[in-house]
Amino acid sequence: MNVRIDESWKKVLQPEFEKPYFKELTDFVRSEYQAKKIFPPAKLIFNAFDQCPFDEVKVVILGQDPYHGDGQAHGLCFSVNDGVRFPPSLVNIFKEIESELQKPSPASGNLTRWAQQGVLLLNATLTVQAHQAGSHQGRGWEQFTDAVIQTLAQQKENLVFILWGAYAQSKAAFVDTSRHLVLQSAHPSPFSVHRGFFGNNHFIMTNNYLRERWLKEIDW
């Protein structure tokens, strides 16, 4: 599988691409796309990286799996294509933004506009079989995306890592909090949103941190 990824990322992640596990991963993913219905479309597997080059990353939001419904996933965590009904977690994200910033929910759930401002919208697993949640977990994607988080944390300064839910929070161990801001809360899923996601003020806190470091704030 020819990895289509922004050149800035290709440079810093080349050591990962050369490891044996990554070849096994790409062989598996290629065979899955040939035999089954897989999301996102193959050309968008690395969309998060293409929309947000390494040198421009300011914020990292970590999801777990791509959406597995038809027409939803396009390579950015929590984001859906234009015209697609908002999944419940995204509805709750927009509710929190409205509460914090008095911004009404947008017409589209496409978060490309965030990515192009320096928000890396990274899923831990970058592919999934249609209607089979978690079907590509444990195949190597997690090792790859852990390396992405570690590379960012080690090679950059003053990033904001937004970790919602227990799975994302487990990645905080990779981040030196003396160099970066780590924000953690419950997940925006309806099952946990009232356990600390609503009212977490992560969007305000992110922009405050960026502004204090003379970095451009995110227009959420």
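Residues numbered from 1 in each chain as written. Predicted model: local features only at pLDDT ≥ 70, side-chain atom pairs only at ≥ 80, totals over all residues. Heavy atoms only, no water.

Q: I'd like to hear about the packing of helix H4 (residues 88-101) against helix H8 (residues 202-212), residue by residue, with values.
A: Between H4 and H8, whose axes approach to 8 Å, the crossing angle comes to 60 degrees. In this view, H4 runs oblique relative to H8, as classed from their interaxial angle. From H4, Ile93, Glu96, Ile97, Glu100 and Leu101 reach across to H8, where they touch His202, Phe203 and Ile204. Its residues assigned to classes, the contact of H4 with H8 shows five nonpolar, one polar and two charged. (Axes fitted to C-alpha atoms, helices over the stretch in contact; angles between N-to-C directions. Helix = DSSP H or I, 4+ residues; strand = E, 2+ residues; numbered from the N terminus. Parallel < 35°, antiparallel > 145°, perpendicular 65-115°, else oblique. Contact = heavy atoms within 4.5 Å. Nonpolar A, V, L, I, M, F, W, Y, C, P; charged D, E, K, R; others polar.)

Q: Give me the lowdown on H8, citing residues and values where you can.
A: Looking only at H8, the buried set comprises His202, Phe203, Thr206, Asn207, Tyr209 and Leu210. Along H8, the residues classed as buried sweep out an arc of 160 degrees about the axis, all on the same side. Close packing links the buried residues of H8 with strand E2 (59-63), H4, helix H5 (112-115), strand E5 (160-164) and strand E6 (181-185). Directly beyond the C-terminal end of H8, a positive phi value near 60 degrees is found at Trp214. (Buried < 20%, exposed > 50% of the residue type's maximum accessible area, 1.4 Å probe, protein only. Arc of directions from axis to C-beta.)

Q: I'd like a rundown of the pattern of salt bridges, residues and numbers included.
A: Counting across every chain of the model gives eleven salt bridges. Lys171 serves as the salt-bridge partner of Asp146, at 2.8 Å between the closest nitrogen and oxygen. A residue pair is termed long-range when its members are at least 10 positions apart, and Asp146 in helix H6 (residues 141-155) and Lys171 in the loop between helix H7 (165-169) and E6 qualify at 25 residues. Across the pair, Lys171 and Asp146 agree in class, each one buried. Across the pair Arg179 and Glu157 runs a salt bridge whose closest N-O atoms are separated by 3.2 Å. Here Glu157 lies in the loop between H6 and E5 and Arg179 lies in the loop between H7 and E6, a separation of 22 residues in the sequence. Among the charged side chains, a salt-bridge network with shared partners connects Lys23, Asp27 and Arg30. (Salt bridge = Lys/Arg side-chain N within 4 Å of Asp/Glu carboxyl O.)

Q: Please set out the nonpolar core residue by residue, giving values where relevant.
A: The biggest cluster of nonpolar side chains holds 67 residues, and the ones touching the most others in it are Trp9, Ile61, Trp114 and Phe144. No other element matches the six residues that H6 contributes to this core. When sequence neighbours within four positions are dropped, the list of residues in contact with Trp9 reads Phe49, Cys52, Pro53, Phe54, Val57, Leu120, Val148 and Leu152. (Core = buried A, V, L, I, M, F, W, Y, C linked by side-chain atoms within 4.5 Å.)

Q: Quick rundown of H4? Include the residues and the values.
A: If you check H4, its first and last C-alpha atoms are 20 Å apart, about what 14 residues at 1.5 Å a residue would give, namely 20 Å. Looking at H4, one finds that the buried residues are Ser89, Leu90, Asn92, Ile93, Phe94, Glu96, Ile97 and Glu100. Taken from the residues just after H4, Gln102 is the one with a positive phi, measuring 55 degrees. (Expected span 1.5 Å × (residues − 1).)

Q: How would you sum up the pairing of E5? Please name residues and give values.
A: Counting buried positions along E5 yields five of five residues, so the element is predominantly enclosed. A two-sided burial pattern is seen for E5, the buried positions comprising Val160, Ile162 and Trp164 on one face and Phe161 and Leu163 on the other. Across four bridges, E2 lies against E5 in parallel orientation. Within the sheet, the bridge partner assigned to Ile61 lies in E5 and is Ile162. Inspection of the sheet shows E5 paired to E6 by five bridges, in the parallel sense. By the bridge assignment, Leu163 is partnered in E6 with Gln184. (Pairing = 2+ DSSP bridges.)

Q: So, the packing of aromatic side chains: which residues are in play, and what are the values?
A: A complete count under the given rule lists 19 aromatic pairs for this structure. Both rings, one in Phe17 and one in Phe22, keep their centres 5.0 Å apart while their planes meet at 55 degrees; by these two values the pair is tilted. Look at Phe17 and you get buried, because its relative accessible area is 15%. Residue classification places Phe22 among the buried residues on the basis of a relative accessible area of 2%. Taking 4.8 Å as the distance between ring centres and 85 degrees as the angle between the ring planes, the aromatic pair formed by Trp114 and Trp220 counts as edge-to-face. Placement of Trp114 in helix H5 and of Trp220 in the segment after H8 is noted, with a sequence separation of 106 residues between them. (Phe/Tyr/Trp six-rings, centres within 6.5 Å; stacked < 30°, edge-to-face > 60°.)

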